[in-house]
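The chain contents come next:
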Amino acid sequence: MSSNQRGMAFIDYDNIAIPAKNFFSIQFLDFNTLRNILLNNYRGVGCTVYLPYKMRNLLGPIQRSGLDCEVVNPRKSVDGRLILDAIIEAEANSYDTAIIASGDKDYVRLVNTLKRKNKDVIIASFSQNLSHALRSIADGIIDLDTHTPTLSTQLYTHTCSSCGNSFQLPFRFRGPNPLCNNCRP
Ligand SMILES: [Zn+2]
């Protein structure tokens, strides 16, 4: 693997964030770290998070982490948008290797299509939700299980100025009166 290889990363948000939460209790992913893990062996030419509309409040934090972010319209498929972009960028020869962060078997046809276009395809996934079909056709696997100690954003504990309960945020609250989720208007 050469660092001259152009790598473009495509992150299926739900497919990474939900297992991170369910299996590893990661409440807030550190997207900057995730990007570095995905593009570690490549010259990074793009890294996009595909975000379902219901999670659109994460657009700002993800962009501030330095990643591109596409909020997918509620009537459209997140997978479909990711697949379309990966094929369009392959047609434009924008990358040599696609790094797809998802273990969903719905991407098998995409991987086969990209390989026919002479692209390498790396799959990054937690082991619990990596489809066997994807594992068998990928040119390489990034096992996110091994990266879980660094994938969690640092959490800061605050005391609610209204009810006095302690709660956590992925950033340090700057204002004078922090409010927990229950007390926030
Ligand atoms: Zn409170």
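Just so you know, these numbers come straight off a predicted model, no measurement behind them. (Residues numbered from 1 in each chain as written. Predicted model: local features only at pLDDT ≥ 70, side-chain atom pairs only at ≥ 80, totals over all residues.)

(A) Structural context of the overall build of the chain. For the chain, the helix and strand inventory stands at 7 helices and 8 strands. Counting only C-alpha atoms and orienting by the principal axes, one finds that the chain spans roughly 60 × 35 × 30 Å. When burial is assessed residue by residue, the chain has 30% of its 185 residues classed as buried. Look at the contacts in the chain between residues 6 or more apart in sequence, and 55% of them connect residues 24 or more apart. (Helix = DSSP H or I, 4+ residues; strand = E, 2+ residues; numbered from the N terminus. Buried ≥ 20, exposed ≤ 12 C-beta atoms within 10 Å, placed from the backbone. Contact = placed C-beta atoms within 7 Å.)

(B) Fine view of the sheet that holds strand β5 (residues 120–125). One open sheet accounts for 6 strands, arranged β3-β2-β1-β4-β5-β6; its pairing is parallel. One side of each edge strand has no neighbouring strand; the edge strands of this open sheet are β3 (68–72) and β6 (140–143). Strand-to-strand twist across the sheet, computed as the mean angle between neighbouring axes with direction ignored, equals 20°. In this sheet, β3 lies alongside strand β2 (residues 43–52) in parallel orientation, the contact comprising 5 bridges. Each residue of the ladder has a partner; that of Val 49, found in β3, is Cys 69. Seen against the sheet, helix α4 (residues 78–91) touches β1 (6–12), β2, β3 and β4 (97–101) and runs at an angle of roughly 170° to β1. (Pairing = 2+ DSSP bridges. Axes fitted to C-alpha atoms, helices over the stretch in contact; angles between N-to-C directions.)

(C) Representation of the pairing of β2 within the structure. In the sheet, β1 pairs with β2 via 7 bridges, with the strands oriented parallel. The residue bridging Ile 11 from the neighbouring strand is Val 49, located in β2. Of the crossover connections in this fold, the one passing from β2 over helix α3 (residues 59–64) to the parallel β3 is right-handed. (Right-handed = clockwise from strand over helix to strand, strands pointing away.)

(D) Representation of unusual backbone geometry. Notably, Asn 93 is not glycine yet its phi reads approximately 55°, a positive angle. Tracing the backbone shows Asn 93 in the loop between α4 and β4. Taking the C-beta count within 10 Å as the criterion, Asn 93 has 11 such neighbours and is therefore assigned exposed. Backbone geometry at Asn 118 places phi at a positive 65°, although glycine is not the residue there.

(E) Spotlight on helix α1 (residues 13–24). For α1, spanning 12 residues, the distance from its first C-alpha to its last is 16 Å, which sits close to the expected 16 Å at 1.5 Å a residue. Within α1, the full set of buried residues consists of Tyr 13, Asn 15, Ile 16, Ala 17, Pro 19 and Ala 20. Buried residues along α1 sit against β1, β2, β4 and α7 (148–151). (Expected span 1.5 Å × (residues − 1).)

(F) Here's a closer look at the environment of Ser 152. If you trace the backbone, Ser 152 turns up in the loop between α7 and β7 (156–159). Overall, the presence of 17 C-beta atoms within 10 Å leaves Ser 152 in the partly exposed class. Here the alpha-carbon distance between Ser 152 and Val 45, two residues 107 residues apart in the chain, equals 24 Å. Not counting the four nearest positions on each side in its chain, Ser 152 is found in contact with Ile 26 and Asp 30.

(G) Quick peek at the packing of α4 against helix α5 (residues 108–116). Taken N-terminus to C-terminus, the directions of α4 and α5 make an angle of 0°; their axes are 11 Å apart at the nearest point. Classed by the angle they form, the pair α4 and α5 counts as roughly parallel. Touching Ile 83, Ala 86, Ile 87 and Ala 90 of α4 are Leu 110, Thr 113 and Leu 114, all from α5. Partitioning the contact of α4 with α5 into residue classes produces 6 nonpolar, 1 polar and no charged. (Parallel < 35°, antiparallel > 145°, perpendicular 65-115°, else oblique. Nonpolar A, V, L, I, M, F, W, Y, C, P; charged D, E, K, R; others polar.)

(H) Molecular detail of the pairing of β6. In this structure, β5 lies alongside β6, joined through 4 bridges in parallel fashion. Note on β6: the bridge partner recorded for Ile 122 is Gly 140.

(I) How the structure looks around the environment of His 147. Structurally, His 147 can be placed in the loop between β6 and α7. Sequence separation of His 147 and Phe 24 is 123 residues, and the distance between their C-alpha atoms is 11 Å.

(J) Structural detail: the nonpolar core. Membership of the largest hydrophobic core comes to 43 residues, with the highest contact counts inside it found for Phe 10, Ile 11, Ala 98 and Ala 101. At 5 residues, the largest contribution of residues to this core is made by α4. (Core = buried A, V, L, I, M, F, W, Y, C linked by C-beta atoms within 7 Å.)

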